[in-house]
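Breakdown of the fold
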Amino acid sequence: MEEKNDIKPIDFTSIVKKLWPHRKKYYYVLPATLIITYLIIVCIPRYYKCTVRLAPEVSGVNVSGSLSSLASSFGLGGSLAKMNSQDAISSDIYPDVIQSKNFIAELMTVNVETKDGKTKSSYYLYLRDKQKDAWWNKVTDTIKGWFKTAQKDDYTGAEKLDIFGLTKKQSDVFKSAAGKLDCNIDKKTEIVSIEVTDQDPLVCATMANATCEKLQQFIVDYRTNKARIDYEYYQNLCKESEAEYNKAMHRYASFSDSYHKPVLASYSAKETTLENEMQSSYTLYQGIKAQMQAAQAKLQEATPAFTVIESASVPTKPAGPKRMIISIVMMILSFFMLSAWLLMKSE
């Protein structure tokens with residue numbers, strides 16, 4: 001018994017016969033779609049993208065070779081490394097760090113220059129005053145300005161901004177900067193990819209490099225925080241103990257120089273006491289100095305090394321908007337929408 005086939009094949013010949021009498025409509029609709037699409041897209045500023053990739057050293061990892069290979073084959077190498085790591089926080093927070101206001105405030109003071117050399121300012125002033133926008137956004141902002149009192153912004157980006165009391169304008173600039181920064185972590189390899197988007201290629205590369213440097217400094221700071229505190233503590237103790245040793249040595253030398261002939265037993269006792277104090281101070285000083293040197297070595301060991309896999313480079317071609325692709329897509333959509341409308345009208 002033959003199975004019934006309810007799916008009817010598409011009769012393209014019939015469709016073409018129905019649409020052929022209306023072919024002149026396509027001569028008007030498709031070019032009009034192309035012109036309108038292009039006029040809209042050309043108002044959108046071009047933007048560039050620059051990507052920096054680096055691999056931070058994972059501290060405190062103690063994984064055998066066979067186990068590490070087995071974990072990597074299942075895509076768990078990075079997770080296993082993090083389980084054995086002594087880091088207080090994992091690399092998963094790096095994207096959140098880059099998007100934080102504290103981190104962005106560090107970037108606002110970076111000096112940037114456009115490729116044409118017309119603009120040289122801080123990154124904050126560049127984002128606030130030198131950003132191009134589509135005409136409809138300008139119209140919207142103008143209309144909003146009619147109903148709101150403009151706030152004066154005296155900040156120039158010369159020094160770090162206090163994020164506790166940001167104005168509305170400053171908050172908008174921070175949001176604009178956050179939208180231009182992107183960070184991704186490869187779960188298998190722990191490679192950090194930083195992507196910066198901007199309307200100027202030179203500014204784009206400059207900020208990608210600055211973001212990479214700021215993130216490296218952040219990683220160094222949090223990984224070495226405990227070791228750095230210990231080193232500074234022993235460093236202060238060493239200075240104090242050295243000062244006490246110098247005082248004890250000076251007291252002993254002064255007392256010894258004041259007597260040329262040991263005629264009294266009290267002199268010998270006093271000299272012995274001062275000498276013992278000097279020796280005790282010296283022993284304490286040497287012990288603390290050894291601990292300070294050990295803390296310094298631990299600080300150096302905790303400081304991670306970085307391998308920059310892909311450094312910042314000035315992009316030569318814009319990343320978008322893809323005007324040709326968007327125009328073709330809109331032409332195709334208008335063709336099918338017009339065809340569907342004509343077929344529904346003919347039935």
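Coordinates for the structure precede this section.
We now turn to the structure provided with this report. Keep in mind the model is a prediction, meaning the values are calculated, not measured.

A word on the overall build of the protein chain
Broken down by element type, the protein chain carries 13 helices and 6 strands. Burial status across the protein chain gives 32% buried among its 347 residues. Long-range contacts, defined as pairs at least 24 residues apart, comprise 78% of the intrachain contacts of the protein chain with a sequence gap of at least 6. Summed over all atoms, the accessible surface of the protein chain reaches about 23,100 Å², with 57% contributed by carbon and sulfur.

Concerning the pairing of strand S5 (residues 192–198)
With 6 of 7 residues buried, S5 lies mostly within the body of the structure. In the sheet, strand S1 (residues 48–56) pairs with S5 via 7 bridges, with the strands oriented antiparallel. Bridged to Cys50 within S5 is Val196. One ladder, built from 5 bridges, connects strand S4 (residues 181–185) with S5; its direction is antiparallel. The residue of S5 that forms the bridge with Asp182 is Glu195. The antiparallel pairing of S4 with S5 creates a hairpin that spans 6 residues between the two strands, and Glu190 there sits at a positive phi of about 65 degrees.

Considerations on the sheet that holds strand S6 (residues 306–310)
In spatial order, the strands read S4-S5-S1-S6; together these 4 strands make up an open sheet with antiparallel pairing. With partners counted over all chains shown, the strands left at the sheet margins are S4 and S6, one partner each. Strand-to-strand twist in this sheet, taken as the mean axis angle between neighbours without regard to direction, amounts to 25 degrees. As judged from the 4 bridges shared by S1 and S6, these two strands associate in the antiparallel manner. Residue pairing for S6: Pro56 is matched across the bridge by Phe306. Of the strands in this sheet, S4 and S5 touch helix H9 (residues 168–180), which is tilted by about 40 degrees from S4.

A look at the packing of aromatic side chains
Summed over all chains, the structure comprises 8 aromatic pairs. Judged by centre distance (5.5 Å) and plane angle (80 degrees), the ring pair of Phe335 and Phe336 falls under edge-to-face. Taken together, Tyr26, Phe335 and Phe336 form an aromatic cluster joined through their ring pairs.

Comments concerning the environment of His250
With respect to the element layout, His250 can be found in helix H11 (residues 225–258). The class of His250 is exposed, set by a relative accessible area of 56%. C-alpha of His250 to C-alpha of Met278: the two residues are 28 residues apart in sequence and 8.9 Å apart in space.

Concerning the nonpolar core
Counting 40 residues, the largest nonpolar core has Tyr94, Met108, Tyr123, Val192, Ile194, Met207 and Leu215 as its most contacted members. Looking at this core, the elements with two or more residues in it are S1, helix H5 (94–99), helix H6 (101–107), helix H7 (123–129), H9, S4, S5 and helix H10 (201–223). At 10 residues, H10 tops the list of elements feeding residues into this core. In this structure, Val192 is in contact with Val52, Arg53, Leu54, Pro56, Tyr94, Cys183, Asn184, Ile185 and Leu215, ignoring residues within four places of it in sequence. Within the second largest apolar cluster, 9 residues are counted, among which are Ala227, Cys238, Ile288 and Ala302.

Looking at a nonpolar patch on the surface
A contiguous nonpolar patch, built from Met324, Ile325, Ile326, Ile328, Val329, Met330, Ile332, Leu333, Phe335, Phe336 and Met337 and spanning about 1,100 Å² of accessible area, is present on the exposed surface. Structurally, Leu333 can be placed in helix H13 (residues 323–346).

Definitions and cut-offs
- Residues numbered from 1 in each chain as written.
- Predicted model: local features only at pLDDT ≥ 70, side-chain atom pairs only at ≥ 80, totals over all residues.
- Heavy atoms only, no water.
- Helix = DSSP H or I, 4+ residues; strand = E, 2+ residues; numbered from the N terminus.
- Buried < 20%, exposed > 50% of the residue type's maximum accessible area, 1.4 Å probe, protein only.
- Contact = heavy atoms within 4.5 Å.
- Areas by Shrake-Rupley, 256 points an atom, 1.4 Å probe, with all protein chains shown as cover.
- Pairing = 2+ DSSP bridges.
- Axes fitted to C-alpha atoms, helices over the stretch in contact; angles between N-to-C directions.
- Phe/Tyr/Trp six-rings, centres within 6.5 Å; stacked < 30°, edge-to-face > 60°.
- Core = buried A, V, L, I, M, F, W, Y, C linked by side-chain atoms within 4.5 Å.
- Patch = residues over 30% accessible without salt bridge, like charges linked within 9 Å, V, L, I, M, F, W, Y side chains within 5 Å.
- Salt bridge = Lys/Arg side-chain N within 4 Å of Asp/Glu carboxyl O.

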